[in-house]
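Fold and geometry: a report
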Amino acid sequence: MPSTFSDVDNICVNTLRFLSVDAVQKANSGHPGLPLDAAPMAYVLWLQVMKHHPANPHWFDRDRFFLSAGHGSALLYSLIHLSGYDLPLEQIKQFRQWGSITPGHPERGLTAGVEMTTGPLGQGFANGVGAAMTEAHLAARYNRDGFQVINHYTYGIVSDGDLMEGVASEAASLAGHLQLGKLIYLYDDNNITLSAGTDMAFSEDRAQRFDAYGWHTHIVEDGNDLSAIAQALDIARAETRRPSLILVRTHLGYGSPNKQDTFEAHGSPLGLDEVRLTKRNLGWPEEPAFLIPEAARAHFKTINARGEQAEAEWTAHFSDYEKQFPDLAHELTQRRSGGTAAFPDGWDTDIPLFPADEKGMATRIASGKVMNAIAAHFPALIGGSADLDPSTMTALKGLGDFQPSGVSARDRQGSNGGGWSMDGRNLHFGVREHAMGAIINGMAGHGGVVPFGATFLVFSDYMRPSIRLAALMGLHVIFVFTHDSIALGEDGPTHQPVEQLASLRAIPQLVVIRPADANETAIAWRVAIQSIDRPVVLILTRQNVPTLDRTQFASADGLQRGAYILADATGGKPDLILLASGSEVKLIVAAQQQLSAQNIQARIVSMPSWELFEDQPQAYRDAVLPPAFNVRLAVEAGVAQGWHRYVGDGGDIISVDRFGASASGDTVLREYGFTVENVCARAVALHQNKRQS
């Protein structure tokens, strides 16, 4: 890396600045402040430090970059265009417009060179922690002496707002503990937020705070000093045991005569007059807009040339690695290919088939058995819980704990066997649900792993923004939520989920599955592993539920279709339809038998996943729930919201539309009407009303 910079470097920095400013001004919408002040650090990082190949954005050993301050997207698009990624200048000119690939905040999968969807502050910070964890894990598993086939860094630009968000604090604490030395963030330390100066709400010493987290910190006093930024990055890269935060002192809206260092520069266009004054102030031609000097264009082209060389060298290195370690190379090649191609042969060989059992088991216990059977044949599966492994049953037995190795941990056995190592597949997030969600998003975004995160269903509220972003990005992540209803009992309403199921079902592109027994749980895990283009939520019980006798009831494979006829009425002509998910399926199974004794024939439908059901052809959905037949009763221990679409105007719902209570699970269920007797009574009333009408 050069220690000195020339006039062409300053031209490149200003090209980044004013491509961004012109894009914001043309759109009459956006955030010019960050591009003006952060362009120097971004330039040094992208042009001089990062290992990336614009002609192949998906090269696996590239460095990753996360713009956590996603409101500065115009700067990222300028970097991407000038570096030679597939982003035409015309798209810069269409910033924030309908149909463009330059939206207001960066979106994964839409724009080449964008690693993650960012903008909700703090998310990108935590995503980067996940990416760095993945790099460390893969390096520990696959690198061998003389063969560093996984060897890249995770970089990011973070803002004051990012550091204020709790998710970033959670993630920073964990990153320091894990000693993620290849995680380096540039902090745009400009002392301005959207509405005021940081002195109004953010006055702690950020460097000392990150020192206390176990990070290496370094202050660059002048954000325009390219050499100082380069030196700080060199020092950070030499720090192998601590993540790094480089605090770069900048001036929001740098160069703007009237708006520099004011919050007005944060989220509004400068205005045509101020744009002209800013260009004049920084020695930039006022016309034309979107100017890219030839010197800048030529200088940025060196990125692609260096990237091409770096990838070629890595490919040759990997070829030698294949000869020395063919099994490891095959496994890594498979994992980095992504999608179903990453699935090893026989990954599902040992998924258990559970025998019928009236006592049965909790679906969280069945889940633990299934995921361990999968993990034994599927090395990409990795994850953990928010300090709840003994309760969520998500420990991967014998596969070690993901922890930094060293003097204090070298000979210590982890709680899940296999010792402490970055090769371990059990992640310990601590009581940090939100960071857990964002971190596993970053892991999935990195590639090479299929991550999961687990906690109690009620605490999914802590991580909802991360779940939403996982769905928005279509990430292959698995959320495991146990203790799924008021049936968990004595812990009371603070821990008893009521509205969470409906809340999760409201998120587009998210698959929510609440299996009824052990065998549905096994199929649910199969679906989760195979759902490569959208996240899956598994909702599991704390209490035992019967394992249904599948010689008498339909196969649990029906779960893959979201809802299926578990058992039909005699002759296939029901008097009413009973629907339920999860633990309440046992109630409608028992109710069918009692209703039959009263000459009321019921069809019982297990409905573990609305989303999978809606994916089915209309003909299948009509076969399960005939449109002309509206005598339907749904039973679920959650709010009724959403069930009306399946029971119709003539139907009924047994639900929980108030908070829970502290008592034994059986008592709470009984008091809230989740008994076979109440199901039968409500079903009889429905049937009679239909006959009378």
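Cut-offs and rules
Residues numbered from 1 in each chain as written. Predicted model: local features only at pLDDT ≥ 70, side-chain atom pairs only at ≥ 80, totals over all residues. Heavy atoms only, no water. Domains from an automatic or database assignment. Contact = heavy atoms within 4.5 Å. Buried area = accessible area lost by both parts, 1.4 Å probe. Salt bridge = Lys/Arg side-chain N within 4 Å of Asp/Glu carboxyl O. Polar contact = N/O pair within 3.5 Å; in protein donor to acceptor, adjacent residues only side chain to side chain. Helix = DSSP H or I, 4+ residues; strand = E, 2+ residues; numbered from the N terminus. Nonpolar A, V, L, I, M, F, W, Y, C, P; charged D, E, K, R; others polar. Buried < 20%, exposed > 50% of the residue type's maximum accessible area, 1.4 Å probe, protein only. Phe/Tyr/Trp six-rings, centres within 6.5 Å; stacked < 30°, edge-to-face > 60°. Lys NZ or Arg CZ within 6 Å of the ring centre and 35° of its normal. UniProt positions renumbered as here; feature names shortened; annotations may be inferred. Core = buried A, V, L, I, M, F, W, Y, C linked by side-chain atoms within 4.5 Å. Pairing = 2+ DSSP bridges. Axes fitted to C-alpha atoms, helices over the stretch in contact; angles between N-to-C directions. pLDDT = per-residue confidence, 0-100. Expected span 1.5 Å × (residues − 1). Arc of directions from axis to C-beta. Parallel < 35°, antiparallel > 145°, perpendicular 65-115°, else oblique. Left-handed = near helix turned anticlockwise from the far one by under 90°.

**Focus: the domain arrangement of the protein chain**
- Here the domain parsing of the protein chain yields domain 1 (7-309), domain 2 (341-547) and domain 3 (557-692).
- A C-alpha centroid distance of 33 Å is found between domain 1 and domain 2.
- On the domain 2 side, the residues contacting the 31 residues of domain 1 number 35 residues.
- Approximately 2,800 Å² of surface area, both sides summed, lies buried where domain 1 meets domain 2, with 65% of it carried by carbon and sulfur atoms.
- Its largest share of buried area at the contact with domain 2, domain 1 owes to Q123, H137 and E170, together 20% of the area lost on that side.
- The partner of D423 in a salt bridge is R141, and the shortest N-O contact between them spans 3.9 Å.
- Our count for the contact surface shared by domain 1 and domain 2 stands at 12 residue pairs in polar contact (both at pLDDT 80 or more).
- Where the side of domain 1 that touches domain 2 is concerned, the elements lending two or more residues are α5 (123-142) and α7 (166-178).
- When residues in the side of domain 1 that touches domain 2 are grouped by element, the largest group, 14 residues, is from α5.
- Each residue belonging to the side of domain 1 that touches domain 2 can be placed in one class, and the counts come to 15 nonpolar, 10 polar and 6 charged.

**Digging into the side chain of S385**
- Mapped onto the secondary structure, S385 falls in strand β7 (residues 381-385).
- Sequence-distant contacts of S385, defined by excluding residues within four places in its chain, comprise T392, T394, L427, H428, F429, G430, M436 and A454.

**Here we look at helix α3 (residues 73-83)**
- In terms of residue burial, α3 counts as a mostly covered element, since 11 of its 11 residues are buried.
- Taken as a whole, α3 has its buried residues at S73, A74, L75, L76, Y77, S78, L79, I80, H81, L82 and S83.
- Close packing links the buried residues of α3 with α1 (7-27), α2 (33-49), β1 (64-67), α4 (89-93) and α11 (294-324).
- At the exit of α3 stands G84, carrying a positive phi of roughly 105 degrees.

**A short note on the packing of aromatic side chains**
- A complete count under the given rule lists 30 aromatic pairs for this structure.
- Look at F479 and F481: their rings are 6.2 Å apart centre to centre, the planes differ by 20 degrees, and that puts the pair in the stacked class.
- Using a relative accessible area of 0% as the deciding quantity, one classes F481 as buried.
- With a centroid separation of 6.4 Å and 65 degrees between ring planes, the pair formed by F613 and Y620 is classed as edge-to-face. Neither F613 nor Y620 differs from the other in exposure class; each is buried.
- In this structure, R64 packs its charged tip against the face of F60, placed 5.4 Å from the ring centre.
- The residue whose ring lies beneath K182 is Y153, and the NZ or CZ to ring-centre distance is 5.6 Å.

**Description of the UniProt feature "active site" (unreviewed entry) in the protein chain**
- The UniProt record marks E433 with the feature "active site" (unreviewed entry), using the residue numbering of this structure.
- Position of E433 among the secondary structure elements: in helix α15 (residues 433-446).
- Residue E433 is classed as buried on the basis of its relative accessible area of 9%.

**Topic: the nonpolar core**
- Within the largest apolar cluster, 75 residues are counted, with the highest numbers of intra-cluster contacts made by F125, V129, L180, I439 and L504.
- Among the elements that line this core, the one with the most residues is α5, at 10 residues.
- For this core, the two domains that each supply at least three residues are domain 1 (7-309) and domain 2 (341-547).
- If we skip the residues at most four places from it in the chain, F125 touches S68, V158, L163, A168, A171, A172, Y185, F210 and W215.

**Considerations on the UniProt feature "binding site: substrate" (unreviewed entry) in the protein chain**
- UniProt records the feature "binding site: substrate" (unreviewed entry) at H31, H266, R364, S391, H483, D491, H495 and R542, using the numbering of this structure. Over a stretch of 512 residues, the named residues are scattered through the fold, their C-alpha atoms separated by up to 47.9 Å.
- Tracing the chain through its elements places R364 in helix α13 (residues 363-375).
- Among the residues examined, R364 registers a relative accessible area of 13% and is labelled buried.
- In contact with R364, not counting residues within four places along its chain, are S391, T392, M393, T482, H483, L540, T541 and R542.
- Relative to the elements of secondary structure, R542 occurs in the loop between β14 (536-539) and β15 (544-547).
- Apart from the residues within four sequence positions on either side, R542 is in contact with A362, R364, H483 and L488.

**A few points about the sheet that holds strand β17 (residues 576-580)**
- Read from one edge of the open sheet, 5 strands run β16-β18-β17-β19-β20, paired in mixed fashion. Single-partner strands in this sheet number two, and they are β16 (564-567) and β20 (652-654). For this sheet, the mean inter-axis angle between neighbouring strands, taken without regard to orientation, is 30 degrees.
- As judged from the 4 bridges shared by β17 and strand β19 (residues 632-635), these two strands associate in the parallel manner.

**What about the pattern of salt bridges?**
- A full pass over the atoms with the stated rule returns 24 salt bridges.
- Close ionic contact of E331 with R141 constitutes a salt bridge, the shortest N to O distance being 2.7 Å. One end of the pair, E331, is in helix α12 (residues 326-337); the other, R141, is in helix α5, with 190 residues separating them in the sequence.
- For the salt bridge of D568 with R603, the shortest nitrogen-to-oxygen distance reads 2.9 Å. With D568 in the loop between β16 and β17 and R603 in strand β18 (residues 602-606), this pair connects stretches of sequence that are 35 residues apart.
- Several salt bridges share partner residues, and in doing so they unite D160, D189, R206 and R249 into one network.

**Points about the confidence of the model for the protein chain**
- Model confidence for the protein chain is summarised by a mean pLDDT of 95, while 97% of its residues fall at 70 or above.
- In the predicted structure, residues 407-414 sits below a pLDDT of 50 and forms 10 contacts with residues beyond four places in sequence or in another chain.

**Overview of the sheet that holds strand β2 (residues 154-159)**
- Strand order in the open sheet formed by 5 strands is β1-β2-β3-β5-β4, with parallel pairing between adjacent strands. For this open sheet the edge positions go to β1 and β4 (216-220), each flanked by a neighbour on one side alone. Looking at each pair of strands side by side, their axes are set apart by 15 degrees on average, direction ignored.
- Note: strand β3 (residues 183-189) against strand β5 (residues 244-249), 6 bridges, orientation parallel. By the bridge assignment, Y187 is partnered in β5 with L247.
- Against the sheet, helix α9 (residues 226-238) contacts β2, β3, β4 and β5, and its axis sits at roughly 170 degrees relative to β4.

**A short note on helix α24 (residues 676-692)**
- If you check α24, its first and last C-alpha atoms are 24 Å apart, about what 17 residues at 1.5 Å a residue would give, namely 24 Å.
- Those residues of α24 lying buried are V676, V679, C680, A683, V684, L686 and H687. One face of α24 carries all of its buried residues, which in axial projection span an arc of 160 degrees. Of the residues in α24, the exposed ones pointing more than 90 degrees away from the buried face are E677 and Q692.

**Here we look at the packing of α13 against helix α18 (residues 518-530)**
- Their axes nearest at 9 Å, the elements α13 and α18 cross at an angle of 45 degrees. One way to sum up the angle between α13 and α18 is to call them oblique. Relative to α18, α13 is oriented so that their crossing is right-handed. Each of T363, A366, S367, V370, M371 and I374 in α13 lies in contact with α18, whose residues at this interface are A518, T521, A522, W525 and I529.

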